[in-house]
Amino acid sequence: MKTIARDFASDPRVAEAKTVLLETLAEYQRGITGIRPPLDELRQSYGDMLKEFGEIRGAPLFFAYFGSGIGNGVFVELADGSVKYDFISGIGVHHFGHSRPELVAAGIDAALSNTVMQGNLQQNPESLELSEMLLDAANRKGAALKHCFLSTSGAMANENALKLIFQKKHPANRLLAFEGCFAGRTLALSHVTDKPAYREGLPQTLSVDYVPFFDRTRPQESTRLSVEHLKRHLARYPGKHAAMVFEMVLGEGGFYPGPAEFFRALMQILRDYGIAILIDEIQTFGRTTEIFAFQALGLDEFVDTVTLGKSAQVCATLFRADFNPRPGLLSQTFTASTSAIHAARVILRELTEGGYFGASGKIARLNEHFTTRLKEIEARNPGLIRGPFGTGAMIAFTPFGGNPEKVKRFVHKLFDAGVISFYAGPDLSRVRFLLPVGAVTIDDLDAVAGIVEKTLKAVGDSGTE
Ligand SMILES: Cc1ncc(COP(=O)(O)O)c(C=O)c1O
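Computed from a predicted model, the values in this text were never measured in an experiment.

K.L.:
What is the right way to read the packing of aromatic side chains from this model?
P.N.:
Geometrically, a pair of aromatic rings is defined through the distance of the ring centres and the angle of the planes. The final tally for this structure, using the stated rule, is 30 aromatic pairs. With 5.9 Å between their ring centres and 65° between their planes, Phe87 and Phe370 make a pair best called edge-to-face. Within this pair, whereas Phe87 is found in the loop between β3 (83-86) and α4 (89-92), its partner Phe370 is found in helix α12 (residues 362-380), the two being separated by 283 residues in sequence. In this structure Phe87 comes out as buried when scored by relative accessible area, which is 0%. Residue class for Phe370 comes out buried when judged on its relative accessible area of 0%. Look at Phe370 and Phe433: their rings are 5.3 Å apart centre to centre, the planes differ by 75°, and that puts the pair in the edge-to-face class. With Phe370 in helix α12 and Phe433 in strand β19 (residues 430-434), the pair connects residues that are 63 residues apart, well separated along the chain. This pair shows no difference in class: Phe370 is buried, exactly as Phe433 is. Grouped by ring-pair contacts, the aromatic residues Phe75, Tyr85, Phe87, Phe370, Phe397, Phe400, Phe410 and Phe433 constitute a single cluster. Directly above the aromatic system of Tyr237 lies the positively charged group of Arg174, at a separation of 3.5 Å from the ring centroid. Across from the ring centre of Phe389, 3.6 Å away, lies the NZ or CZ of Arg430, which sits over that ring.

What follows is the structure, given as structure tokens:
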């Protein structure tokens, strides 16, 4: 006996309707083959819309970006009719590009499902399947994560991780984190995120002691210094630290990776002191040479809790059995939208089976190609840029000696020229790209590198104004 839902899902009319929709979409997507400027007749209304939205939300948007609702892989059409290379993917969300047929298909299935949202009291079986997939992916190289709790934002995933850690480690009430890290923007996390402007005027919610991140310009000394810092914090507040939050590649902080030995040196001390290790993979998930950066670094044995979000489409906290909190600590009305859960299953399958990881996987090849292009720009234009920096599908460079005003102007000019990037770093001195790995091709990288070089020269020539 099948459920009515299963009968409905396998009704040939549903399959036929889906085919018609996807074929029709594909037909329109074929019209999106490269970047193009806005349509003249839409400029005025688009400008008005941006202005009105800025007024409604209380601040203008960073980019003049309203998506039209269609794209073709790495290309996105905006509501002014322009088409751009999306090399920032909503800060790391659209990992498979725009209007990817498999994700649209998942969205249709979700739209035909009974509810828009899934929540703790009412979830469909896809939540179970997805949770198992996430745990399998996280444990495949030896981590021992037992539980998966879905949530609706990266910040909420981190909040949940911190809650279960604090409960287990009570009365320890301090945290450790890296200088320059980003962990989210809730009241609690704004005290982990190492950016004073993000907590201006907010009451102190957490006590955090910072450890310098890895400095690639002096590797040996850097590890020793960070270990010393850590030990000093531990000595100053004996027994008071519940956890250290590890951002494996500083993301908002400017795309700084660190080597395994650096993390291992710190993690071993934390282990010895019984301090929990929370690995924040919200930005790194699916972007290094393994699905989790801790796997690429061989740190599986140290993982107590790990959080993910962004490219997965859902956010989650994965944790070891001994961190399972007492009833009442974790609960949410929403765990994710039905479409996010359906899409996440497709993405997990694609990521785990699609040849993205490993030393010669697609991510490594994209990184090699794009960083080579950026190095060529540097060689052709001495002093114009420094870098490239980052790792995997997280690539950055520093133009104009890191002058933040010029960097910001460059990012906007690049947008106008048809490529969406963003800035990053403690002083916003770096330009960063989060490559949509599921959609981008080598030809796209070459085309974007060409636009980057041309725009760099144009902004460089225009002085500082
Ligand atoms: C490392 C890291 N942690 C946490 C977050 C917060 O995620 P969200 O914006 O989904 O709350 C982000 C978002 O940029 C992030 O990069």
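K.L.:
Just checking my understanding: could you explain the packing of helix α6 (residues 125-139) against helix α11 (residues 338-353) for this structure?
P.N.:
For any two helices packed against each other, one specifies the inter-axial angle together with the distance between the axes. Running from amino to carboxyl end, α6 crosses α11 at an angle of 30°, the nearest separation of the two axes being 10 Å. By the angle class used here, α6 and α11 are roughly parallel. Once α6 is placed against α11, the crossing between them reads as left-handed. Contacts from Glu126, Ser127, Glu129, Leu130, Met133, Leu134 and Ala137 of α6 reach α11 at Ile341, His342, Ala344, Arg345, Leu348 and Arg349. Within the contact of α6 with α11, the residues separate by chemical class into seven nonpolar, two polar and four charged.

Definitions and cut-offs
- Residues numbered from 1 in each chain as written.
- Predicted model: local features only at pLDDT ≥ 70, side-chain atom pairs only at ≥ 80, totals over all residues.
- Heavy atoms only, no water.
- Phe/Tyr/Trp six-rings, centres within 6.5 Å; stacked < 30°, edge-to-face > 60°.
- Helix = DSSP H or I, 4+ residues; strand = E, 2+ residues; numbered from the N terminus.
- Buried < 20%, exposed > 50% of the residue type's maximum accessible area, 1.4 Å probe, protein only.
- Lys NZ or Arg CZ within 6 Å of the ring centre and 35° of its normal.
- Axes fitted to C-alpha atoms, helices over the stretch in contact; angles between N-to-C directions.
- Parallel < 35°, antiparallel > 145°, perpendicular 65-115°, else oblique.
- Left-handed = near helix turned anticlockwise from the far one by under 90°.
- Contact = heavy atoms within 4.5 Å.
- Nonpolar A, V, L, I, M, F, W, Y, C, P; charged D, E, K, R; others polar.

Take it as geometry only, folks, not as evidence of what the structure does.
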